[in-house]
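So the chains spell out like this:
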Amino acid sequence: MHSPTVNNLQIEVATTNGDYSVSTNDTLANGLFKMGLDVTTRRIFPSNIKGAPSRYIIRLSDCSLMAPNNRTDIAVLLIEELAGEVLDRTVSGGVIVYDSTSSLGEKLTAATDGRTGSEEFYREDCVYYPVPLSQLAATNFSDSRLKRIMRNVIYVGVLSQLLGIKPAAIREVFKENFSDKGKKVINSNFTALKIGRNYARQQFAPPANYQLKEITHKTPRYFMRGNDATALGTVMGGCTYASWYPITPATLHGENLERYAPRYPLIVEQGENEDSCLGRALGAAWAGARASVSTSGPGLSNMAEFLGFSSFAEIPVVIFNIQRMGPATGLPTHTKQGDLLASLYLSHDESPRIILTPSTVEQLYDYSWKAFNIAARSQMPVVILSDMELGLSFYTIAELNYPEQPIDPGKILSEEELGKISDFERYRDLDGDGICYRSLPGKGPTYVTRGAYHDREANLSEKPADCSQKIERLFKKVQTAADSGQLPSPVLEEPDGAEVGIIGFGSSIYAIQEAVGLLREQDIQVALFDLPAISPLPTAELQEFIDRYKTIFVVEQNYTGQLQKIIQTEFAVENKLQGIRRYDGDYLTAQYISRYCRECLEQ
């Protein structure tokens, strides 16, 4: 008999969008986190409001595996549409929990009893647990909406009993999540949880293949989504004005800021559309606020002209772009990394900007607060590229540190300093770094901010010398930022004996890190370069990394290989680079990456 798998499994729930199961599954995941396990989640859901098939994945381990797996250990089947797909991913010996009072449940029960049923959903090598979820909910709750909600809590109770999850951990999360709903709602959840646990205790033996054991940690840990981290980083960066317009998957960032606003000197406004949001933020920044906007790809497209204006008029702003699948409406609830080139070149003609590419929740927080200092110092837009997988998924993370750098307003002249200047020239580069001193309205001499070419005094000018000097100085600021030592640095993992390298960014890093471990088990040593920015590129570090290895894999979630193109343009090393790409909206896995690497190296 095989030893049971301890603290390392994946749970997958197949249900319908809008059936109130998301908060319940979040609660289950958070309860597992409170047991000291490393937990991450993924949602695969359609863009309609309710009714269509959706999946919720919980991956847990004791070794910081934060990418979804390509195999399911425990499946909860509530609908027929996804049953076959989920079963195909379920491992031999896996556990299947299903609603025996549903139409799918009736077919499965018939098949497991040897009667004519839906044999396509039955596997002899899996263990089936029929639970009359709908019936239990209907018997114990009278309100029709409550019956639907509590059906989900009942299966959480079943799983908690089967896996040995302490009920106190789940109850604690219910208290935290529904503290504003009142005792009646909290007690209803407690009742449903108990119903599920009691049913499982009376009807089933715990699965022999899986066990969970509580882990105690000496240092603090948090369970956080990427959009939670960017919002917290925004506050820590001293943001005083934020504008946003609802758009998947960025909405949560704006909602988080609205919750923070009453406790901080922060004004949060919801604009009438995306381009007005950036316009509002630029007006606030021109007046002295530390300003930001949050959006996704379609919103970024609408901001094109204002983005160029921010760069040209030298008004600092931070733009959070949580990428999703497009173009047009695309698949707004599916992840992708297709906005690299758009972020780099969006707006007509040439307008430099800084673009950061954080890869983990910790980096999202860290890069977010730093971005406000970078924008203020450089007097240009800073774009933070996140993605839906990072933004909406929960991750187990280490303690977040309070910013080690003070809030830096950049080159803003005080009233006293302005009083000593007889002839204020807004666009004169006194320090030779491309960055000019600016004043704030109402604080002494001011200037006209225009989107047309201007001379050093901010006067309209079409002289070729003024135009060339202006554009050269704007691009010089990007190099100044690169040389400042204040931009995030690449994270490198380079084991001895490695002849192969992988370059990645964003949520892909979690899958890449696990893939590197899988390849190491096959005696393939791989070095990893976690890219922190695409503008400016960390050219010296990238060049050294590329030179050290025979083959370089570039992992990204888009069809055209946008990061690979950026690297090839800079270094002309196309023969050395191999692209690993996913662009179907599903999540990248370690198995996907390691298989491609192995097959490529074996050729």
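Residues numbered from 1 in each chain as written. Predicted model: local features only at pLDDT ≥ 70, side-chain atom pairs only at ≥ 80, totals over all residues. Heavy atoms only, no water.

What follows covers the sheet that holds strand β11 (residues 267-270). The strand order across the open sheet formed by seven strands is β11-β10-β12-β13-β15-β14-β20, and the pairing between neighbours is mixed. What marks the edges here is a single partner per strand, and that holds for β11 and β20 (533-535). Adjacent strand axes in the sheet meet at a mean angle of 20°, parallel and antiparallel pairs treated alike. With four bridges joining them, strand β10 (residues 241-244) and strand β12 (residues 291-295) adopt parallel strand pairing. Paired with W244 across the bridge in β12 is S294. Across the face of the sheet, helix α14 (residues 361-378) comes into contact with β12, β13 (317-323), β14 (354-356) and β15 (381-387) while running at roughly 165° to β15. (Pairing = 2+ DSSP bridges. Helix = DSSP H or I, 4+ residues; strand = E, 2+ residues; numbered from the N terminus. Axes fitted to C-alpha atoms, helices over the stretch in contact; angles between N-to-C directions. Contact = heavy atoms within 4.5 Å.)

Attention now goes to the nonpolar core. Ranked by size, the top nonpolar core spans 63 residues in total, and within it L257, L266, I354, L356, I502, I512 and I593 carry the most contacts. With nine residues, the top contributor of residues to this core is α14. Formed jointly, this core draws a minimum of three residues from each of two domains, domain 2 (223-397) and domain 4 (491-602). Not counting residues within four places of it along the chain, the set of residues in contact with L356 comprises Y367, A371, I374, V382, V383, I384, L385, P488, P532 and A533. (Core = buried A, V, L, I, M, F, W, Y, C linked by side-chain atoms within 4.5 Å. Buried < 20%, exposed > 50% of the residue type's maximum accessible area, 1.4 Å probe, protein only. Domains from an automatic or database assignment.)

Next up on the list: helix α9 (residues 251-260). The buried count for α9 comes to seven of ten residues, which makes it a mostly enclosed element. Among the residues of α9, those classed as buried are T251, L252, H253, G254, N256, L257 and Y260.

Applying the stated criterion across every chain yields a total of 30 salt bridges. In this structure, D366 engages K370 in a salt bridge whose closest nitrogen and oxygen atoms are separated by 3.0 Å. Here D366 pairs with K370, and both are found in helix α14, just four residues apart, close to one helical turn. On the basis of relative accessible area, K370 is assigned to the buried category, the value being 13%. Two residues, E494 and R548, come together in a salt bridge whose shortest N-O distance is 3.0 Å. Here E494 is found in the loop between β17 (491-493) and β18 (500-504), whereas its partner R548 is found in helix α19 (residues 539-548), with 54 residues between them in sequence. Using a relative accessible area of 33% as the deciding quantity, one classes E494 as partly exposed. Salt bridges linked by common partners bring E12, R55, E85 and R89 together as one network. (Salt bridge = Lys/Arg side-chain N within 4 Å of Asp/Glu carboxyl O.)

Next up on the list: the sheet that holds strand β19 (residues 526-530). Strands sit in the order β17-β19-β18-β21-β22 across an open sheet of five strands; the sheet is mixed. In this open sheet, the two edge strands, each paired with only one partner strand, are β17 and β22 (577-581). With direction set aside, neighbouring strand axes in the sheet form an average angle of 20°. Judged from the five bridges that link them, β18 and β19 form a sheet pairing that is parallel.

What follows concerns helix α21 (residues 590-602). Turn by turn, an α-helix covers 3.6 residues, leaving residues three or four places apart pointing in a common direction. Counted at 1.5 Å a residue, the expected span for α21 with its 13 residues is 18 Å, and the 18 Å between its end C-alpha atoms agrees. Taken together, the buried positions of α21 are A590, Q591, I593, S594, C597 and C600. On its buried face, α21 sits against β18, α18 (508-521), β21 (551-556) and β22. (Expected span 1.5 Å × (residues − 1).)

Taken domain by domain, the protein comprises domain 1 (5-211), domain 2 (223-397), domain 3 (415-477) and domain 4 (491-602). Listed per partner, the contact involves eleven residues of domain 1 and eight residues of domain 4. Carbon and sulfur atoms supply 56% of the area buried between domain 1 and domain 4, which totals about 780 Å² over both sides. Summed over the shared surface of domain 1 and domain 4, the number is one salt bridge. Among the ionic pairs, E514 bridges to R59, the shortest N-O distance being 3.0 Å. (Buried area = accessible area lost by both parts, 1.4 Å probe.)

Of all seven residues in β15, seven are buried; the element is thus mostly enclosed. In β15, alternate side chains face the same way, and those of P381, V383, L385 and D387 on one face and V382, I384 and S386 on the other are all buried. Where β13 and β15 come together, seven bridges link them in parallel fashion. When the bridges of β15 are listed, V318 appears paired with V382. Two strands pair when backbone bridges link them, and β14 and β15 are joined in this way by three bridges, in the parallel orientation. Residue pairing in the sheet places I354 in a bridge with V382 of β15. For the handedness criterion, the β-α-β arrangement of β14, α14 and β15 is classed as right-handed. (Right-handed = clockwise from strand over helix to strand, strands pointing away.)

Taken as a whole, the second largest pocket holds about 730 Å³ of empty space. Elements represented by at least two residues in the lining of the second largest pocket include exactly α13 (340-345), α17 (464-483), β20, α19 and α20 (562-571). Element by element, the count of residues in the lining of the second largest pocket is highest for α17, at five residues. Its residues placed into classes, the lining of the second largest pocket shows 18 nonpolar, nine polar and six charged. (1 Å grid on protein atoms, 1.4 Å probe; cavity = no way out; pocket = protein on both sides within 12 Å on 5 of 7 lines; lining within 4 Å. Points joined across faces, edges and corners; volume = space filled by probe spheres on them. Nonpolar A, V, L, I, M, F, W, Y, C, P; charged D, E, K, R; others polar.)

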